[in-house]
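Listed below, chain by chain, are the residues.
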There are 2 protein chains.
Amino acid sequence: MENKIENIPCERQDHASCDKHIAAVHDTMDVLHGKWKITIISLLGFGKRRYSEILKEVKGISGKMLSRELKDMEMNLLVKRTVISEQPISVVYELTDYCIELLPVINSLAAWGTRHRQCIVEQFKQERQDIPA
Amino acid sequence: MENKIENIPCERQDHASCDKHIAAVHDTMDVLHGKWKITIISLLGFGKRRYSEILKEVKGISGKMLSRELKDMEMNLLVKRTVISEQPISVVYELTDYCIELLPVINSLAAWGTRHRQCIVEQFKQERQDIPA
DNA sequence: CTGCATCCTGGGCGATACTG
DNA sequence: CAGTATCGCCCAGGATGCAG
């Protein structure tokens, strides 16, 4: 029951560094918090978009939430906002280079999620044939 | 404003794969949902722990939440629960090999979080000397 | 010690209507 | 078209107490 490190593919060795690690994770999660930000980032990873386009393409999001999230993300330097002064006015959002560094992270989340879904499906099948009668 | 992919270090090319990508991310986030799971995983990445040890080491968590989260994680095959029939009874939790695959993902979250914190600090300093008078 | 039931509060988020 | 204001629901999660 000791603090033997085994099979752990990372380099956390003591309580202090463990706490720092956790704090760092929370820094990221704070930035990504809420129901929508990751989706928005994924979408914008696809290319710059206007407000109304995002509204359409992110299924289910309301206008209030979208502007709130975008404002938030702009403050966190994740997104660049550009006003196009035409008729009528339009606003374009795009990922900052900084935020683009998040994409690989999000990709790794996606990769694990894909495997996880398969695993759950397997498990389900398994259970169904364990109790067949 | 087209769907030009540029500077994007990942391979999402069309709407269908983009949607799948997003769904996969949500699969992962569902598993990690709530205020505590990532922290618990990080801690257990450190070595197996008893219930009461986790309760002490994860600052701020309540008993209710801890058992709820652990049960949840057990169902998702993230954690292995072992009852030690001694006096008094104790229960040991440890990461499954499956969950250990999540550690690199969490590490990448931490890595970005560390950089982000530095970036925010820089930005703050910047602003303070932009409006010094 | 481990873990569940109950009660309760805050705030995340949706719906709608309104302004520039 | 972009964004704000108001209202209110709902549920994650905190506190406490009980059970095995």
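Structure report, in brief. (Residues numbered from 1 in each chain as written. Chains lettered and ligands numbered in written order. Predicted model: local features only at pLDDT ≥ 70, side-chain atom pairs only at ≥ 80, totals over all residues. Heavy atoms only, no water.)

**Some thoughts on the protein's contact with DNA strand D**
Here is step 1 of the chain: Lining the immediate environment of DNA strand D, one finds 19 residues, of which A:Ser52, A:Arg81, A:Tyr93, B:Lys35 and B:Lys64 sit closest.
Here is step 2 of the chain: In DNA strand D, atoms within 4 Å of the protein come 71% from sugar and phosphate.
Here is step 3 of the chain: At 3.2 Å, a side-chain N or O of A:Arg50 approaches a sugar or linking oxygen of DNA strand D.
Here is step 4 of the chain: Of all the secondary-structure elements, those providing two or more residues to the surface near DNA strand D are helix 3 (51-57), helix 4 (63-75) and strand 3 (90-95) of chain A together with helix 4 (63-75) of chain B.
Here is step 5 of the chain: Of the residues in the surface near DNA strand D, the class split is seven nonpolar, five polar and seven charged. (Near = heavy atom within 4 Å. Polar contact = N/O pair within 3.5 Å; in protein donor to acceptor, adjacent residues only side chain to side chain. Helix = DSSP H or I, 4+ residues; strand = E, 2+ residues; numbered from the N terminus. Nonpolar A, V, L, I, M, F, W, Y, C, P; charged D, E, K, R; others polar.)

**Section: the relation of the copies chain B and chain A**
A rotation about some axis, followed by a shift along it, carries one copy of the chain onto the other.
Here is step 1 of the chain: Each copy of the sequence occupies a distinct position, and chain B is placed on chain A by a rotation of 180° and an axial shift of 0.0 Å, giving an RMSD of 0.2 Å. Here the two chains are linked by the operation of a two-fold rotation axis. Identified as the residue of chain B closest to the rotation axis by C-alpha distance is B:Val105, at 3.5 Å.
Here is step 2 of the chain: Looking at the interface residues of chain B, 98% of them are also at the interface in chain A, so both copies use one shared face. (Least-squares fit on C-alpha atoms with pLDDT ≥ 70 in both. Contact = heavy atoms within 4.5 Å.)

**Description of the interface of chain B and chain A**
Here is step 1 of the chain: Opposite the 60 residues of chain B that make contact, chain A presents 59 residues.
Here is step 2 of the chain: Summed over both sides, the interface of chain B with chain A buries roughly 5,500 Å², with 64% coming from carbon and sulfur.
Here is step 3 of the chain: Between B:Arg117 and A:Asp27 there is a salt bridge whose closest N-O contact spans 2.7 Å.
Here is step 4 of the chain: Here chain B is connected to chain A by twelve residue pairs in polar contact (both at pLDDT 80 or more).
Here is step 5 of the chain: In terms of residues, the side of chain B that touches chain A owes the most to one element, helix 6 (residues 102-130) of chain B, which gives 18 residues. (Buried area = accessible area lost by both parts, 1.4 Å probe. Salt bridge = Lys/Arg side-chain N within 4 Å of Asp/Glu carboxyl O.)

**Section: the protein's contact with DNA strand C**
Here is step 1 of the chain: Around DNA strand C, a shell composed of 19 residues is seen, among which A:Trp36, A:Lys64, B:Ser52, B:Arg81 and B:Tyr93 lie nearest.
Here is step 2 of the chain: Protein-adjacent atoms of DNA strand C, using a 4 Å cutoff, are sugar or phosphate at a proportion of 74%.
Here is step 3 of the chain: Contact between DNA strand C and B:Arg50: a sugar or linking oxygen at 3.1 Å from a side-chain N or O atom of the residue.
Here is step 4 of the chain: Those elements giving two or more residues to the surface near DNA strand C turn out to be helix 4 of chain A together with helix 3 (51-57), helix 4 and strand 3 (90-95) of chain B.
Here is step 5 of the chain: When its residues are assigned to classes, the surface near DNA strand C shows seven nonpolar, five polar and seven charged.

**Section: the sheet that holds strand 3 of chain B**
All names here are of chain B.
Here is step 1 of the chain: The strand order across the open sheet built from three strands is 1-3-2, with neighbouring strands paired in antiparallel fashion. Strands at the two margins of the open sheet, each flanked by one partner only, are strand 1 (49-50) and strand 2 (79-84).
Here is step 2 of the chain: Direction of pairing for strand 2 relative to strand 3: antiparallel, over a ladder of six bridges. The residue of strand 3 that forms the bridge with lysine 80 is glutamate 94. (Pairing = 2+ DSSP bridges.)

**Comments concerning helix 6 of chain B**
Here is step 1 of the chain: Its 29 residues place the ends of helix 6 of chain B 42 Å apart at the C-alpha level, agreeing with the 42 Å of an ideal helix rising 1.5 Å per residue.
Here is step 2 of the chain: Burial in helix 6 of chain B covers these residues: B:Leu102, B:Leu103, B:Val105, B:Ile106, B:Asn107, B:Leu109, B:Ala110, B:Trp112, B:Gly113 and B:His116. (Expected span 1.5 Å × (residues − 1). Buried < 20%, exposed > 50% of the residue type's maximum accessible area, 1.4 Å probe, protein only.)

**A short note on the sheet that holds strand 3 of chain A**
Each strand in a sheet pairs with its neighbour through backbone hydrogen bonds, running either in the same direction (parallel) or in the opposite one (antiparallel).
All names here are of chain A.
Here is step 1 of the chain: One open sheet holds the three strands; their spatial order is 1-3-2, and the pairing between them is antiparallel. The strands lining the two open edges of the sheet, one partner per strand, are strand 1 (49-50) and strand 2 (79-84).
Here is step 2 of the chain: Of the strands in this sheet, strand 1, strand 2 and strand 3 are in contact with helix 2 (residues 37-44), which crosses strand 3 at around 90°. (Axes fitted to C-alpha atoms, helices over the stretch in contact; angles between N-to-C directions.)

So, to be careful, I would describe these as geometric facts and stop short of saying anything about function.
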